[in-house]
Amino acid sequence: QQKVQQSPESLIVPEGGMASLNCTSSDRNVDYFWWYRQHSGKSPKMLMSIFSNGEKEEGRFTVHLNKASLHTSLHIRDSQPSDSALYLCAASDSGYNKLTFGKGTVLLVSP
Amino acid sequence: NSKVIQTPRYLVKGQGQKAKMRCIPEKGHPVVFWYQQNKNNEFKFLINFQNQEVLQQIDMTEKRFSAECPSNSPCSLEIQSSEAGDSALYLCASRRDWGGDAEQFFGPGTRLTVL
């Protein structure tokens, strides 16, 4: 069973709109959450990370974390066509730090 | 931008053949991970190293897969006898230390197709 669940599987938002992506871990040993973006044919690139309860904002991207429920969300405001990609949520613990990825959300921003 | 180098970018093998891919981690990154991403975007952790030492690996890696990170040479991942189910994107990632907050930087990957 997948330890990191992402929703929705796919999402279409208009250019300039807000995209909201969700991620929950079922592993209580998780300490760190990561959001990666992978454009088609490319490797994953880290967008944002969050390790403590609350919110973190970087430009058009905001990430939230609730450690009690092991739920994180990524919000992209003023979405651009170049944001169209596969968004991957990953979690890691304090041990060997391997990343456990969800299956991703495919975001399509329509012009 | 990540400076993890992976070669070759594409690899085509027949079933039962050996498949070998290489990774040069970013300079100053002693920690290396290998992941497999299949066509359904499912990631599977395979093995990780700190310098030349294997820290953790999954059962699959212990049987048909072998990997090493020799001193002063590229890291490598080799599949001894390729199977159709091994067709995937193999991603190498490196990080600067074992701190839990240290980011993993991914290379471009080696896309393996087993015919």
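Residues numbered from 1 in each chain as written. Chains lettered and ligands numbered in written order. Predicted model: local features only at pLDDT ≥ 70, side-chain atom pairs only at ≥ 80, totals over all residues. Heavy atoms only, no water.

Chemist: With reference to specific residues and values, describe the overall build of chain A.
Modeler: Broken down by element type, chain A carries 0 helices and 11 strands. For chain A, the succession of helices and strands along the chain, N to C, is β-β-β-β-β-β-β-β-β-β-β. For chain A, the C-alpha radius of gyration of 13 Å lies close to 13 Å, the compact-globule estimate for 111 residues. Per-residue burial over chain A gives 47% buried out of 111 residues. Residue pairs at least 24 apart in sequence account for 53% of intrachain contacts in chain A once pairs closer than 6 positions are excluded. Within the structure as shown, chain A displays about 5200 Å² of accessible surface, and the carbon and sulfur contribution to it stands at 49%. Positive and negative side-chain charges of chain A, numbering 11 and 10 respectively, have mean locations separated by a distance of 6 Å. (Helix = DSSP H or I, 4+ residues; strand = E, 2+ residues; numbered from the N terminus. Rg over C-alpha atoms; globule rule 2.2 N^0.38 Å. Buried < 20%, exposed > 50% of the residue type's maximum accessible area, 1.4 Å probe, protein only. Contact = heavy atoms within 4.5 Å. Areas by Shrake-Rupley, 256 points an atom, 1.4 Å probe, with all protein chains shown as cover. Lys, Arg positive; Asp, Glu negative; His and termini not counted. Charge placed at Lys NZ, Arg CZ, Asp CG, Glu CD.)

Chemist: So what's going on with the sheet that holds strand E3 (residues 19-24) of chain B? Which residues, and what values?
Modeler: Residue and element names in this part refer to chain B. The 4 strands are arranged E1-E3-E8-E7 in an open sheet whose pairing can be described as antiparallel. Every other strand in the sheet has two partners, leaving strand E1 (5-7) and strand E7 (65-68) as the edge strands with one partner each. Neighbour-to-neighbour, the strand axes of this sheet turn through a mean angle of 15 degrees, independent of strand direction. The pairing of E7 with strand E8 (residues 75-79) spans 4 bridges and is antiparallel. Residue Glu68 lies in a different strand from E8, and its bridge partner there is Ser76. (Pairing = 2+ DSSP bridges. Axes fitted to C-alpha atoms, helices over the stretch in contact; angles between N-to-C directions.)

Chemist: Which residues make up the state of the cysteines, and what are the values?
Modeler: By definition, a disulfide is the covalent link that joins the sulfur atoms of two cysteine residues. All names here are of chain B. Scanning the entire structure with this criterion turns up 3 disulfides over all chains. Disulfide pairing places Cys23 opposite Cys92 at an S-S distance of 1.9 Å. One quick way to see it: the torsion about the S-S bond of Cys23 and Cys92 is about -65 degrees, and its sign makes the bridge left-handed. Within this pair, whereas Cys23 is found in strand E3, its partner Cys92 is found in strand E9 (residues 88-95), the two being separated by 69 residues in sequence. With a sulfur-sulfur separation of 2.0 Å, Cys69 is cross-linked through a disulfide to Cys75. Handedness of the Cys69-Cys75 disulfide follows from its S-S torsion of about 110 degrees: it is right-handed. The pair Cys69 / Cys75 is uniform in exposure class, with both members buried. Each bonded cysteine of chain B is numbered by sequence order, and under that numbering the disulfide pairs are 1-4, 2-3. (Disulfide = S-S within 2.5 Å.)

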